[in-house]
Amino acid sequence: MKKSKETINNTINNTISNTSNECEKENREIIVRDHAKDFLLDILPKDRGILKELRDYGEEHHVPIVEEEVAALIKVLTRTSGAKNVLEIGTAIGYSGCIFLEAMGEGGKLTTIERNEEMLRLAGENFRKAGRENSVRILPGDALEILHYLKGDYDLIFLDGAKGHYREMLDLTISLLKPGGLLISDNILFKGMVTGEHPVKRRKRTIVNRMRDYLKYICDHPLLDTSIIPIGDGVALSYRKNEVEQKGLSERIEKKEDSE
Ligand code: SAM
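Residue indices follow the written sequence of each chain, beginning from 1 at its first position. Reporting in this predicted model follows two pLDDT cut-offs: at least 70 for local features of residues, and 80 or more for side-chain atom pairs to be given and counted; totals over whole chains, interfaces and linings ignore these cut-offs and use all residues.

**Remarks on the overall build of the protein**
In plain terms, the rule: In this text, helices come from DSSP runs of H or I with a minimum length of four residues, and strands from runs of E with a minimum of two, each type numbered from the N-terminal end. Here a residue counts as buried when 20 or more other C-beta atoms sit within 10 Å of its C-beta, as exposed when there are 12 or fewer, and as partly exposed otherwise, the C-beta atoms being derived from the backbone. Think of it this way: build a C-beta for each residue from its backbone, and any pair within 7 Å is a contact.
From N to C terminus, the protein includes 11 helices and 7 strands. The buried share of the protein, taken over its 260 residues, is 32%. In the protein, of all internal contacts separated by at least 6 residues, the share reaching a separation of at least 24 is 67%.

Right, here's the structure in full:
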């Protein structure tokens, strides 16, 4: 929900009078970030047509779809990377799938995996409504099983399925991502709990610990260059290196120095 300037100031004032110095600082940071988010959401172009329909449906029926600022990011990344073959894990109602299809344009292909039957039905309907059913292959079932036999050479992989299983999913998909391709992982800051910005709820501890482990894993992965962007619920962008890039500049410099 949007906050007016007055509400924001009141919240800051109340916070200051009621909490210790440390809490004051934390709460101010959260509020300032919410304010920045409101500003961004005001300025970004709004969804139209089928995308608006799907966003409204998602909000009304509590289906978690990518946040608006993340949708804008993946659209730009898909277009600039020139991706034409996308693999998505976690279709839901097909909102992000439609973003990929729109950004790839004619000739773009989406393979998307979903295990929930109702979501599968809705996504099928929505891709038809968008007139792109022939550009989509929906794979029904658990991604952790399907990925074992999936073949392909994808330009872009979008991880947006079970949050506690990203690491296993990455291990199963990395060979499907082309060198030079892009891996986008959504929800990696998991409601501010991963960075400690918000307290970790007891029942979310496992997911949060696994997500921290996943972030470290993709940051240290020899095949990936990773950047973490704190918009929406947190997005990680990982570039899949080719063989030359894997060797790394530092290694090449070391070799050159040895030979001199
Ligand atoms: N990408 C969608 C969008 O932004 O429009 C939202 C996806 S929603 C956050 C996550 C979806 O992943 C849910 O519909 C859930 O049923 C599905 N999911 C979770 N774990 C899965 C798994 N292991 N295999 C397949 N689908 C899974």
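From this point, things continue past the structure.
**Structural notes on the nonpolar core**
This is how the line gets drawn: Under the definition applied here, buried Ala, Val, Leu, Ile, Met, Phe, Trp, Tyr and Cys residues are grouped into a nonpolar core through C-beta atoms within 7 Å.
Val 86, Tyr 95, Leu 156, Ile 157 and Met 211 are the most contacted members of the largest nonpolar core, which totals 56 residues. For this core, the leading source of residues is helix H5 (residues 95-104), giving 7 residues. Not counting the four nearest positions on each side in its chain, Ile 157 is found in contact with Leu 87, Thr 173, Leu 176, Leu 177 and Leu 183.

**A word on the environment of Pro 64**
Tracing the chain through its elements places Pro 64 in the loop between helix H3 (49-60) and helix H4 (68-81). Expressed as a C-alpha distance, the spacing of Pro 64 and Ala 92, which sit 28 residues apart in the sequence, is 7.9 Å.

**Some points on the pairing of strand S3 (residues 136-140)**
The condition is simple: The pairing criterion for strands is at least two bridges between them, as found by DSSP. Orienting the strands away from the viewer, one traces the path from the first strand over the helix to the second; a clockwise path indicates a right-handed crossover.
As paired elements, strand S2 (residues 109-114) and S3 share 5 bridges and run parallel to each other. Residue pairing in the sheet places Leu 110 in a bridge with Val 136 of S3. Once the chain exits S2 it traverses helix H6 (residues 117-129) before rejoining the sheet at S3, and the crossover so formed is right-handed.

**What to know about the packing of helix H8 (residues 166-173) against helix H9 (residues 205-220)**
The condition that has to hold: Note on method: axes are straight lines fitted to C-alpha atoms, helices fitted across the in-contact stretch only, with angles between N-to-C directions ranging 0 to 180 degrees. When residues are grouped by polarity, Ala, Val, Leu, Ile, Met, Phe, Trp, Tyr, Cys and Pro land in nonpolar, Asp, Glu, Lys and Arg in charged, and all others, Gly among them, in polar.
For the pair H8 and H9, interaxial distance at closest approach is 9 Å and the crossing angle is 35°. Along its contact with H8, which presents Tyr 166, Arg 167 and Leu 170, the element H9 presents Arg 210, Met 211, Asp 213, Tyr 214, Tyr 217 and Ile 218. Residue classes in the contact of H8 with H9 are distributed as 6 nonpolar, no polar and 3 charged.

**Looking at the sheet that holds strand S5 (residues 177-186)**
Read from one edge to the other, the open sheet built from 7 strands follows the order S3-S2-S1-S4-S5-S7-S6, with strand pairing classed as mixed. Both edges of this open sheet fall to S3 and strand S6 (224-229), since each of them pairs with a single strand only. Here the average twist between neighbouring strands, direction ignored, is 15°. Looking at chain direction, strand S1 (residues 85-89) and strand S4 (residues 154-159) are connected through 4 bridges and run parallel.

**A word on unusual backbone geometry**
In this structure, Asn 187 takes a positive phi of about 65° despite not being glycine. C-beta crowding within 10 Å serves as the criterion here: with 23 such atoms nearby, Asn 187 is assigned to the buried category. If you check the backbone angles, Lys 191 has positive phi at about 55° while not being a glycine. Here Lys 191 shows up in the loop between S5 and H9.

**Quick look at the site of the ligand**
Cut-off, in case you're wondering: Only the C-beta atom matters for this test: placed from the backbone, it must lie within 6 Å of a molecule or strand for the residue to be near it.
Taken together, 18 residues surround the ligand, and among them Gly 90, Ala 92, Tyr 95, Ser 96 and Ala 162 come closest. Put simply, the parts of the chain that give the shell around the ligand at least two residues each are H5, S2 and helix H7 (143-149).

**Describing H8**
In an α-helix, one full turn covers 3.6 residues, which means residues spaced three or four apart are oriented alike. We count it as follows: Working note: the arc is built from the helix axis to C-beta atom directions.
Listed in full, the buried residues belonging to H8 are Tyr 166, Met 169 and Leu 170. Here the buried residues of H8 occupy an arc of 100° about the axis, which is enough to place them on one side. For H8, the secondary structure elements touched by its buried residues are S1, H7, S4, S5 and H9.

**Focus: the confidence of the model for the protein**
For the record, the criterion: Every residue carries a pLDDT, the predictor's confidence in it, which falls somewhere between 0 and 100.
Per-residue pLDDT for the protein has a mean of 87; in total, 85% of the residues score no lower than 70. For residues 1-5, every residue scores under 50 in pLDDT, and the model assigns this stretch 5 contacts once sequence neighbours within four places are set aside. Here residues 7-28 is a poorly scored stretch, pLDDT under 50, and it has 11 contacts once near neighbours within four places are set aside; other chains count.

**Focus: the pairing of S4**
It is a general feature of regular strands that their side chains alternate between the two faces of the sheet. Extensive coverage of S4 is indicated by the burial of 6 of its 6 residues. Alignment of S4 against S5, held across 5 bridges, turns out to be parallel. Within the sheet, the bridge partner assigned to Leu 156 lies in S5 and is Leu 182. Taking the sense of rotation as the criterion, the β-α-β connection linking S4, H8 and S5 turns out right-handed.

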